[in-house]
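# Per-entry structural report
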Amino acid sequence: MGQAMDRAAPPVTRFAPSPNGPLHMGHALSAIAGHDLARAGGGRFLLRIEDIDGPRSRPDLAEEFRRDLEWLGLQWEEVPAQSTRLASYAAAADALRARGLIYPCTCTRSEIEAAGALTGTEGLIYPGTCKHRPPDPARPAAWRLDAERALAQTGPLIWEDTRAGPQAVDLSGLGDVVLVRKDLPASYHLAVTLDDAADGVTLVTRGKDLFAASHIHRTLQALLGLPVPRWHHHGLLRDPETGEKLAKRRGSPALAERRKAGEDGRMLAQQLRVQLLSLGT
Ligand code: GLU
Ligand code: ZN
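Report on the accompanying structure. (Residues numbered from 1 in each chain as written. Chains lettered and ligands numbered in written order. Predicted model: local features only at pLDDT ≥ 70, side-chain atom pairs only at ≥ 80, totals over all residues. Heavy atoms only, no water.)

Moving on, we come to the site of ligand 1. Neighbouring residues of ligand 1: eleven residues in total, closest R14, A16, S18, E50 and Y188. The contact in question runs from a nitrogen atom of ligand 1 to an N or O atom on the side chain of S18, over 2.8 Å. Coverage of ligand 1 by the protein amounts to 89% of the 300 Å² it exposes when considered alone. A per-class count over the shell around ligand 1 returns five nonpolar, one polar and five charged. (Near = heavy atom within 4 Å. Polar contact = N/O pair within 3.5 Å; in protein donor to acceptor, adjacent residues only side chain to side chain. Areas by Shrake-Rupley, 256 points an atom, 1.4 Å probe, with all protein chains shown as cover. Nonpolar A, V, L, I, M, F, W, Y, C, P; charged D, E, K, R; others polar.)

Attention shifts here to the pattern of salt bridges. If you walk through the whole model with that rule in mind, you get 25 salt bridges. For R139, the salt bridge goes to E111, with nearest N and O atoms at 3.0 Å. With R139 in the loop between strand 7 (123-124) and strand 8 (142-145) and E111 in helix 4 (residues 109-114), this pair connects stretches of sequence that are 28 residues apart. Exposure remark for R139: the relative accessible area of 28% places this residue in the partly exposed category. What makes E111 partly exposed here is its relative accessible area of 33%. Notably, a salt bridge pairs R181 with D183, separated by 2.9 Å at the nearest N-O pair. Taking relative accessible area as the criterion, R181 reaches 25% and is therefore assigned partly exposed. (Salt bridge = Lys/Arg side-chain N within 4 Å of Asp/Glu carboxyl O. Helix = DSSP H or I, 4+ residues; strand = E, 2+ residues; numbered from the N terminus. Buried < 20%, exposed > 50% of the residue type's maximum accessible area, 1.4 Å probe, protein only.)

The next point concerns the pairing of strand 9 (residues 158-161). Only one face of strand 9 is covered, namely the face carrying W159 and D161; the face carrying I158 and E160 is uncovered. Here four bridges tie strand 9 to strand 10 (residues 165-168), and the two strands are oriented antiparallel to one another. Considered in strand 10, the bridge of E160 is made with P166. Hairpin geometry of strand 9 and strand 10 is characterised by an intervening segment of three residues between the two adjacent antiparallel strands. (Pairing = 2+ DSSP bridges.)

Here it is as structure tokens:
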């Protein structure tokens, strides 16, 4: 299910930052990886601002992001921000709901913890509490993917990472993830899958911290009949002192800070390119 992409076609990649905080080195690495893979294949590099996280989203940061990318010496095409696409998320959620593939969940985080949820690749694995009980209309509901039902419909699925090779979809470490948040018409998983398809992205480039999420995105592509891209999950930067992987938002000064201090962004980009080559798993 889902349509395979023409492998010989020039790749379309994207960088999709959320304006919840400034860009850091990890973001720069992702942007450079996407940019360079597109350029090397004669393709296109897109910028998409993922600004649906209402209260945390700061529109002023998007302009800083553009300046940061320019400072790094990158060129891109900007596609519409997520906040303009809410209707498409709602339509997809309606389609999944009509097919019984998502179910309402009113649990709070503490209820999920109290139910003895195990920790999986992306945090707690939802123990399925709401799957078999009628929703309480008085409480706000998120909508979760019924992973068992979904995979029964799609059959076995494969996705391909350009570095790690073919991957068999396995949702067991993820559980029934949220596709529609209590406060928004989509979660990250649903929005990013729909947007990448709408933008014609053929090579999804991002850090290995999001590797597991691709199992979900591949499942959604199959369920919604979307084109199937390839993925490139790059290695993560490590703290030079502790050797620990640097999360995107921690551990280094913001790019904007370095830019405003007069540092040479193109030089930094060159250093990151060298690091990208040496970053293994
Ligand atoms: N907005 C997401 C982030 O900044 C994008 C992740 C992705 O590239 O899929 O983490
Ligand atoms: Zn629940």
